[in-house]
Amino acid sequence: MNSSDNNQAVVHAYAAMAAGNPAPYLDLLSDDISITMFGDHRFGRTFKGRTDINDNLFGPIREVLDGSIRMNVTNVAAENDIVVAEAQGEARTKDGRSYKNTYCFVFKFAGGKIVESREYMDTQLVKATFG
């Protein structure tokens, strides 16, 4: 895949997630994906592989949120195997609080799959919502 294909794959995956369908995003992740979330909060580390991500990132998020985070991509740029996407995320917690965060994702692609993701966001909001 070229940078335009990678760019379109990210835009498509996030549009599907915003519509409540996470499958295209999950299909983009390589089996040995690493996701690094920066900041001083419970998710502030690098998650490695689908099992670690499902058990220690997606699972705890699902415990707190009522549904998934609906992402609206506001900007996206790609060069070679890197795609950078800015997005606005919105969700509700199970106890009724609003969760609205701003994100910047840096994705590294190989063979049409995301092999690395670095995620920047409002870490104080993450800590207040998830611990």
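Whatever comes next refers back to the structure up there.
The notes below deal with the structure included here. Just so you know, these numbers come straight off a predicted model, no measurement behind them. Every chain is numbered on its own, with residues counted from 1 as its sequence reads. With pLDDT at 70 or above as the cut-off, local features in this predicted model cover only qualifying residues; side-chain atom pairs require 80 or more to be listed or tallied, and sums for whole chains, interfaces and linings still use all residues. The side-chain numbers reported here are obtained from all heavy atoms of the structure, hydrogens and water having been left aside.

Regarding the overall build of the chain
Then comes step 1: A count of helical and extended segments in the chain gives four helices and six strands.
Then comes step 2: Segments assigned H or I by DSSP are reported as helices when at least four residues long, segments assigned E as strands when at least two residues long, and all are numbered from the N terminus. For the chain, the succession of helices and strands along the chain, N to C, is α-α-β-β-α-β-β-β-β-α.
Then comes step 3: Only C-alpha atoms enter the radius of gyration; for comparison, a globular chain is expected to reach 2.2 Å times N to the power 0.38, where N is the number of residues. Taken against the 2.2 N^0.38 rule, which gives 14 Å for 131 residues, the C-alpha radius of gyration of the chain at 14 Å falls within 12% of a compact globule.
Then comes step 4: Across its three principal directions, the C-alpha atoms of the chain cover 45 × 25 × 25 Å.
Then comes step 5: Looking at the chain as a whole, 41% of its 131 residues are labelled buried.
Then comes step 6: We call two residues contacting when some pair of their heavy atoms lies within 4.5 Å. Here the contacts in the chain between residues at least 6 apart in sequence split such that 46% fall between residues at least 24 apart.
Then comes step 7: Only the protein chains shown count as cover for residues, and all accessible areas are computed by the Shrake-Rupley method using a 1.4 Å probe. Surface accessibility of the chain: about 6800 Å² in total, with carbon and sulfur atoms responsible for 47%.
Then comes step 8: For the charge count, each Lys or Arg is scored as positive and each Asp or Glu as negative, with His and the chain ends excluded. Charge placement uses NZ in Lys and CZ in Arg. For Asp and Glu, CG and CD serve respectively. Charge centroids of the chain, computed over 14 positive and 17 negative side chains, lie 5 Å from each other. When a residue's accessible area, from a 1.4 Å probe over protein chains only, is under 20% of the maximum for its type it is buried; when over 50% it is exposed; and in between it is partly exposed.

What about unusual backbone geometry?
Then comes step 1: At Asn80, a position not held by glycine, the phi torsion is positive, near 55 degrees.
Then comes step 2: For Asn80, a relative accessible area of 59% gives the class exposed.

Describing the pattern of salt bridges
Then comes step 1: For this document, the term salt bridge refers to a Lys or Arg side-chain nitrogen within 4 Å of an Asp or Glu carboxyl oxygen. Counted according to the given criterion, the structure contains five salt bridges.
Then comes step 2: For the salt bridge of Arg50 with Asp31, the shortest nitrogen-to-oxygen distance reads 3.2 Å. On the criterion of sequence distance, the pair formed by Arg50 in helix H3 (residues 49–64) and Asp31 in strand S1 (residues 29–37) is long-range, its members being 19 residues apart.
Then comes step 3: The partner of Arg118 in a salt bridge is Glu116, and the shortest N-O contact between them spans 2.8 Å.
Then comes step 4: Under the relative-accessibility criterion, Arg118 is labelled partly exposed at 26%.

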